[in-house]
Amino acid sequence: MPQQWITKRSSEGSFASSSGAMVEKQLRPRGIDDPRVLRAMAKVPREKFVPRELQASAYDDRALPIGFGQTISQPFIVAFMTQAVKPKPTDRVLEIGTGSGYQAAVLGELVAEVFTVEIVRPLAQRAATVLNALGYKNVLVKGGDGYKGWSEHAPYDAIVVTAAPDHIPEPLIAQLKEGGRMVIPVGKESSQQLYAMEKHGGAMKRTAVLPVKFVPLTRDPAKK
Ligand code: SAH
């Protein structure tokens, strides 16, 4: 038993230094320089959001499978999107594509409230369980089709979309505040651009910021 305790402690310690190494090797050299974002990336225990058998690879510089044909995004992409959406401590943020819940946890460290929608119900449930166990009381998870946003809690200061539609969903624009920010990958599976957008005078101003590869945004057939 004591042996087991020592093993557990030492593996937790190495995970903590792994997140620090991830910040220094993968994020800072690639232009992630918002100190709040870097702090959040160092703090959130990514190993809790990946399948047990992949925990040793949790801080690798890549996306990892999380079941149901879905993935947890590469750490750099999570940090890049988080920085691009300019999170403020008072913000209410909508995320589409909860997946593992990792991006939601990172946002949860930085803003007042996070509302996140996942179309694969068992993933939504698992993410809610993990986020709850880690004490993220300001993150609310819902199973559903995020194309339609989450109107009950709208309008949002910012929206982060982590699955790629082939056009910007109109309901998401409608649920964004005037002056609000949205970060969203758009395109076909083979070629997508990440856009950083802002809503001004009801219209979206958009800038392409990075070529990316996300899983497609699917639709809930029963609820189209
Ligand atoms: N943000 C996640 C990774 C996203 S992977 C993380 O931090 O782990 C993209 C996720 O979007 C997948 O889990 C996929 O099931 C989900 N998804 C795809 N289409 C969706 C839709 N219409 N509404 C909500 N979620 C969707």
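Residues numbered from 1 in each chain as written. Predicted model: local features only at pLDDT ≥ 70, side-chain atom pairs only at ≥ 80, totals over all residues. Heavy atoms only, no water.

1. Focus: the overall build of the chain
Thinking step 1. When helices and strands are tallied, the chain shows six helices and nine strands.
Thinking step 2. The globule rule puts the C-alpha radius of gyration for 224 residues at 17 Å, and the 17 Å found for the chain is close to it.
Thinking step 3. Considered along the principal axes of its C-alpha atoms, the chain spans approximately 60 × 40 × 35 Å.
Thinking step 4. Out of the 224 residues belonging to the chain, those deemed buried represent 49%.
Thinking step 5. Long-range pairs, those at least 24 residues apart, make up 54% of the contacts in the chain between residues at least 6 apart in sequence.
Thinking step 6. Of the roughly 10,800 Å² of accessible surface on the chain, a fraction of 55% belongs to carbon and sulfur atoms.
Thinking step 7. For the chain, the distance from the average position of its 30 positive side-chain charges to the average position of its 22 negative side-chain charges is 2 Å. (Helix = DSSP H or I, 4+ residues; strand = E, 2+ residues; numbered from the N terminus. Rg over C-alpha atoms; globule rule 2.2 N^0.38 Å. Buried < 20%, exposed > 50% of the residue type's maximum accessible area, 1.4 Å probe, protein only. Contact = heavy atoms within 4.5 Å. Areas by Shrake-Rupley, 256 points an atom, 1.4 Å probe, with all protein chains shown as cover. Lys, Arg positive; Asp, Glu negative; His and termini not counted. Charge placed at Lys NZ, Arg CZ, Asp CG, Glu CD.)

2. What to know about the site of the ligand
Thinking step 1. Around the ligand, 27 residues are found, and the nearest of them are Ser100, Glu118, Asp145, Gly146 and Thr218.
Thinking step 2. The contact in question runs from a nitrogen atom of the ligand to an N or O atom on the side chain of Glu95, over 3.0 Å.
Thinking step 3. A distance of 2.9 Å is found between a nitrogen atom of the ligand and a side-chain nitrogen or oxygen belonging to Asp145.
Thinking step 4. Protein burial of the ligand: of its 590 Å² of free accessible surface, 99% is covered by the chains.
Thinking step 5. Of all the secondary structure elements, the ones that give two or more residues to the shell around the ligand are β2 (70–72), β3 (92–96), α4 (102–110) and β4 (113–118). (Near = heavy atom within 4 Å. Polar contact = N/O pair within 3.5 Å; in protein donor to acceptor, adjacent residues only side chain to side chain.)

3. Some remarks on the nonpolar core
Thinking step 1. Within the largest apolar cluster, 48 residues are counted, with the highest numbers of intra-cluster contacts made by Leu27, Ile32, Met41, Phe49, Tyr102 and Val106.
Thinking step 2. Going through the elements one at a time, α1 (2–27), α2 (35–43), β1 (64–67), α3 (75–84), α4, α5 (121–133), β6 (156–161) and β9 (203–212) are the ones with two or more residues in this core.
Thinking step 3. In this view, Tyr102 contacts Met22, Met41, Val44, Arg46, Phe49, Ile72 and Val78; residues no more than four positions away in its chain are not counted.
Thinking step 4. In this structure, Val117, Ile159, Ile184 and Tyr195 belong to the second largest nonpolar core, which totals 20 residues. (Core = buried A, V, L, I, M, F, W, Y, C linked by side-chain atoms within 4.5 Å.)

4. Overview of α3
Thinking step 1. Burial analysis of α3 places eight of its 10 residues in the buried class, which makes it a mostly covered element.
Thinking step 2. Of the residues trailing α3, Lys86 is marked for its positive phi of about 50°.

5. Considerations on the sheet that holds strand β8 (residues 191–200)
Thinking step 1. If you trace the seven strands from one edge of the open sheet to the other, you get β5-β4-β3-β6-β7-β8-β9, paired in mixed fashion. If you trace the sheet from one side to the other, it starts and ends with β5 (139–143) and β9, each paired once. Averaged over all pairs of adjacent strands, the angle between their axes in this sheet comes to 15°, without regard to strand direction.
Thinking step 2. One ladder, built from four bridges, connects β6 with strand β7 (residues 176–188); its direction is parallel. Counterpart to Val160 in the pairing with β7 is Val183.
Thinking step 3. Where α3 meets the sheet, it contacts β6, β7, β8 and β9, and its direction lies at approximately 160° from that of β9.
Thinking step 4. Running at roughly 170° to β4, α4 makes contact with β3, β4, β5 and β6 of the sheet. (Pairing = 2+ DSSP bridges. Axes fitted to C-alpha atoms, helices over the stretch in contact; angles between N-to-C directions.)

6. So, the pattern of salt bridges
Thinking step 1. This structure, assessed with the given rule, holds nine salt bridges.
Thinking step 2. Salt-bridge contacts for Asp157 lead to Lys177; the nearest nitrogen and oxygen are separated by 2.9 Å. Here Asp157, found in strand β6, pairs with Lys177, found in strand β7; they are 20 residues apart in sequence, far enough to count as distant. (Salt bridge = Lys/Arg side-chain N within 4 Å of Asp/Glu carboxyl O.)

7. Some words on the packing of aromatic side chains
Thinking step 1. Applying the stated criterion across every chain, the model contains five aromatic pairs.
Thinking step 2. Through a chain of ring-to-ring contacts, the aromatic side chains of Phe115, Trp150 and Tyr156 assemble into a single cluster.
Thinking step 3. Arg219 extends its terminal NZ or CZ atom over the ring of Tyr147, reaching a point 3.9 Å from the ring centre. (Phe/Tyr/Trp six-rings, centres within 6.5 Å; stacked < 30°, edge-to-face > 60°. Lys NZ or Arg CZ within 6 Å of the ring centre and 35° of its normal.)

8. A word on the confidence of the model for the chain
Parts of the model with low pLDDT should not have their predicted coordinates read in detail.
Thinking step 1. When pLDDT is averaged across the chain, the result is 93; 92% of the residues are at 70 or more.
Thinking step 2. The least confident element of the chain is α1, whose mean pLDDT is 70; the most confident is β3, at 99.
Thinking step 3. Across residues 1–11, where pLDDT falls below 50, the model places zero contacts with residues more than four positions away in sequence or in other chains. (pLDDT = per-residue confidence, 0-100.)

9. Here we look at the pairing of β3
Taken residue by residue, a regular strand's side chains alternate between the two faces of the sheet.
Thinking step 1. Counting buried positions along β3 gives four out of five residues, so the element sits mostly inside the fold.
Thinking step 2. Of the strand pairs in this sheet, β3 and β4 are connected by five bridges, and their pairing is parallel. Pairing of Leu94 across the sheet is with Phe115, part of β4.
Thinking step 3. In this view, the connection linking β3 to its parallel neighbour β4 by way of α4 has right-handed handedness.
Thinking step 4. Two elements, β3 and β6, share four bridges in a ladder whose sense is parallel. For Leu94, the partnering residue across the bridge sits in β6 and is Ile159. (Right-handed = clockwise from strand over helix to strand, strands pointing away.)

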